Amino acid sequence: PRSTQESEMAINGMTLGAVTVCSLLSVSTAFAPSFSPLLRSTQGRSPALNVNSPRTSPRTSVSMGFFDGLTKAFEPTPAGGASLDSYQGWIERDGMRRFSFDGIAPAALPTVGQCSMAGRNAGSAPPPQQNSGGLFGFLSPSQPANAPPPKENQDGTLALPDVYDGIGMYCVFDGHGEYGGQVTQWCIQNLPAYVSGALAEGRPGQLLNRITDAYRSADAALVEAIGYRVAEDSGSTVATAVLKGDLLLVAGLGDSRVVLGTNNGDGTLGAQPVTLDQSPVVAAEKARIEASGGEVRNEGPGGRVYAKGQEYPGLAVSRAFGDADAKQYGVTSDPQFIGWKIRPGQDFALILASDGVWNALSNEVVVDIAAKYAANRNADGAAKEIVGVARQTWESIAKGRIDDISAVVVYL
């Protein structure tokens, strides 16, 4: 096995070795493990500027899948449909057929904060302790000489206030497998260029298809760049929010989640999920996997993907970047889309987080924390507290291993 290395984070040209990294974003910034010799450093530069031009892929035009319930998710869809002007909140099927940022005026830049904390392997050193001083408020504890090394943080976050034509792009990544950190790092450095190209080409009726093309091309380039053996059983989920003016498009890939914090107008708050957790046991996901020669076994809360009759790959998500072996059995890099028209005075915060948050805290608790900081638009403080409270919850219930925990808070 690889030796675990301490994550180094590049922020405004300053490299910091830290288990927990949190920062208020005033410029384009990304947090991710930076150990891979195959990948270039992001130090002092926007990730979108640190990429090769993405290659084009065959055009996608597939039918739309529709999921009712707490969230409504869409596959790429043919042209036609209604104007987006008539919507408040959910953009329904007809509106998604015409989804486009064309003609949308950019709003003032939102306030964005992000925080990411490494988890803990069973038997490893104690977690970072809260500290009243210091740059980030967390310090790595001293540990015995014979203590196992701290867990590598395979999560990552990304915030680009202008990825293309005034459109902001915000992401949370959650790597898995032995080389999940490499997959996360590659995606942070390269995915923005693919999405930017899709936004440039995506006219009404075609934008969702172009973004799907971009994800497929990025996934293929990822495997080529880091090698099949690295990507074979390692990957990363990602929740992406693309925002311009009052128009929000969320692309979900895996089980990282996006939740919208809302004021209900009666003194209460609402927590509206705008992604659908893509577990293998979801009926549509299971059908695709089985049609591709895979099977879903009822292991864990969401099931796992296996080759039919075999003991591999055993993946707990049905959509991800990487996981090249599982792609033979129905796992896909195609995102599911949800569109939302921001309601002024009602929708106040967008929270993106890895499952290290959502497995510990409810949507409502996370929105309550974000609301505490909304008046001063202290997105940094909100992100830090969400991650910190999630970690405290893990400490109180976990035996041994603790997941990586990451959050991005966007005040609208």
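The rules behind these values
- Residues numbered from 1 in each chain as written.
- Predicted model: local features only at pLDDT ≥ 70, side-chain atom pairs only at ≥ 80, totals over all residues.
- Heavy atoms only, no water.
- Salt bridge = Lys/Arg side-chain N within 4 Å of Asp/Glu carboxyl O.
- Helix = DSSP H or I, 4+ residues; strand = E, 2+ residues; numbered from the N terminus.
- Buried < 20%, exposed > 50% of the residue type's maximum accessible area, 1.4 Å probe, protein only.
- Pairing = 2+ DSSP bridges.

Draft legend 1. Expanded view of the pattern of salt bridges. Summed over all chains, the structure comprises 17 salt bridges. The residue Lys-372 makes a salt bridge to Glu-385 at a minimum N-O spacing of 2.6 Å. Here the residue Lys-372 occupies a position in helix H7 (residues 363-372), and Glu-385 occupies one in helix H8 (residues 379-397), the gap between them amounting to 13 residues. Sharing partners across several salt bridges, the network here consists of Arg-120, Arg-391 and Glu-395.

Draft legend 2. Examining unusual backbone geometry more closely. A cis amide bond links Tyr-312 with the next residue in sequence, Pro-313, at an omega value of -5°. Among the structural elements, Pro-313 can be located in strand S17 (residues 313-315). Positioned with a positive phi, Asp-323 is a non-glycine residue whose angle comes to about 50°. When you line up the elements, Asp-323 lands in the loop between strand S18 (321-322) and strand S19 (336-341).

Draft legend 3. Broad picture of the environment of Val-282. For Val-282, the location among the structural elements is in the loop between strand S14 (269-273) and helix H5 (283-291). On a C-alpha basis, the gap between Val-282 and Gly-302 in space is 8.0 Å, while along the polypeptide they are 20 residues apart.

Draft legend 4. Inspection of the pairing of strand S15 (residues 294-297) at higher detail. Residue alternation in S15 divides its side chains into two sets, Gly-294 and Val-296 and Glu-295 and Arg-297, and both sets are buried. Strand direction decides the pairing type here: S15 and strand S16 (residues 304-307), joined by 4 bridges, are antiparallel. What sits directly across from Gly-294, in S16, is Ala-307. Counting the residues in the hairpin turn of S15 and S16 gives 6 residues, including Gly-300, whose phi is positive at 75°.

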